[in-house]
Amino acid sequence: MSQYYDLGDRTLWNPSNGASRLFMSQVTVYQAEVGLPSGIGPMEADECQIDPIAFAAFVDALLTWHGKTRHAVMATLSEGFVATVLALAEKADIEVGRQGADHAESHCLKTASDPHAKEWTAELRQKSRELVRHMAP
């Protein structure tokens, strides 16, 4: 079994039920962290719609939040979710706002004093690109 994340009549992602359940649980967590709705609608009959405007705002806020974290464990825990959301935004042809991306870039998703910060930022981008290839169709 699988579930469908759609933008209009276009399917962006068709994960297994388990992957979808985990992702939707994390959506709830990060909506609370950034204080915005994700734009990802409820899963009904194994399908949900994504509101591109709300989703873009959520992704921008998530990138800003992730870029500001100075806690290595929080950054690591959130990295997979951020990469997945970035991949989904790319599949939806949603351009991530420059404010969130610039803030994340300037803080390198870690602390500015972290000598590996730029490396981890590049790894997050690479992980996101790889996930795009794994998302159907």
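The preceding data block contains the structure.
What counts as what
- Residues numbered from 1 in each chain as written.
- Predicted model: local features only at pLDDT ≥ 70, side-chain atom pairs only at ≥ 80, totals over all residues.
- Heavy atoms only, no water.
- Axes fitted to C-alpha atoms, helices over the stretch in contact; angles between N-to-C directions.
- Helix = DSSP H or I, 4+ residues; strand = E, 2+ residues; numbered from the N terminus.
- Parallel < 35°, antiparallel > 145°, perpendicular 65-115°, else oblique.
- Contact = heavy atoms within 4.5 Å.
- Nonpolar A, V, L, I, M, F, W, Y, C, P; charged D, E, K, R; others polar.
- Buried < 20%, exposed > 50% of the residue type's maximum accessible area, 1.4 Å probe, protein only.
- Core = buried A, V, L, I, M, F, W, Y, C linked by side-chain atoms within 4.5 Å.
- Lys, Arg positive; Asp, Glu negative; His and termini not counted.
- Salt bridge = Lys/Arg side-chain N within 4 Å of Asp/Glu carboxyl O.
- Pairing = 2+ DSSP bridges.

Visitor: Help me get a handle on the packing of helix α1 (residues 17-34) against helix α3 (residues 72-91), residues and values and all.
Guide: Taken N-terminus to C-terminus, the directions of α1 and α3 make an angle of 105°; their axes are 11 Å apart at the nearest point. Our classification of the angle between α1 and α3 gives roughly perpendicular. Mapping the contact onto sequence places F23, Q26, V27 and Y30 in α1 and L77, S78, F81, T84, V85 and L88 in α3. Taken together, the residues that form the contact of α1 with α3 break down as 7 nonpolar, 3 polar and no charged.

Visitor: Can you lay out unusual backbone geometry for me, pointing to particular residues and giving the numbers?
Guide: Even without being a glycine, A45 presents a positive backbone phi close to 55°. One can find A45 in the loop between α1 and β3 (47-49). Judged by its relative accessible area of 76%, A45 is exposed. Notably, D93 is not glycine yet its phi reads approximately 60°, a positive angle. Positionally, D93 belongs in the loop between α3 and α4 (98-107).

Visitor: Mind laying out the nonpolar core, listing which residues take part and the relevant values?
Guide: Formed by 33 residues in total, the largest nonpolar core has its most connected members in F23, I40, F55 and L62. Elements represented by at least two residues in this core include exactly β1 (4-7), β2 (10-13), α1, α2 (52-68), α3 and α5 (117-134).

Visitor: Kindly report on the side chain of D6, identifying the contributing residues and their values.
Guide: The residue D6 is located in strand β1 in this model. This buried residue, D6, is left without a salt bridge; R10 holds the nearest opposite charge, at 8.5 Å. Other than its neighbours up to four places away in sequence, D6 contacts T11, L12, E47, C48, Q49 and I50.

Visitor: Account for the pairing of β2, with residues named and values stated.
Guide: Inspection of the sheet shows β1 paired to β2 by 3 bridges, in the antiparallel sense. Within the sheet, the bridge partner assigned to D6 lies in β2 and is T11. Linking β1 back to β2 in an antiparallel pair, the connection comprises 2 residues, with G8 at a positive phi of about 65°.

Visitor: Describe the sheet that holds β1, with residues and values.
Guide: Read across the open sheet, the 3 strands follow the order β2-β1-β3; overall the sheet is mixed. Looking at the sheet topology across the chains shown, the edges are occupied by β2 and β3. Averaged over all adjacent pairs, the angle separating strand axes in this sheet is 40°, with direction ignored. Sheet topology note: the β1/β3 ladder contains 3 bridges and is parallel.

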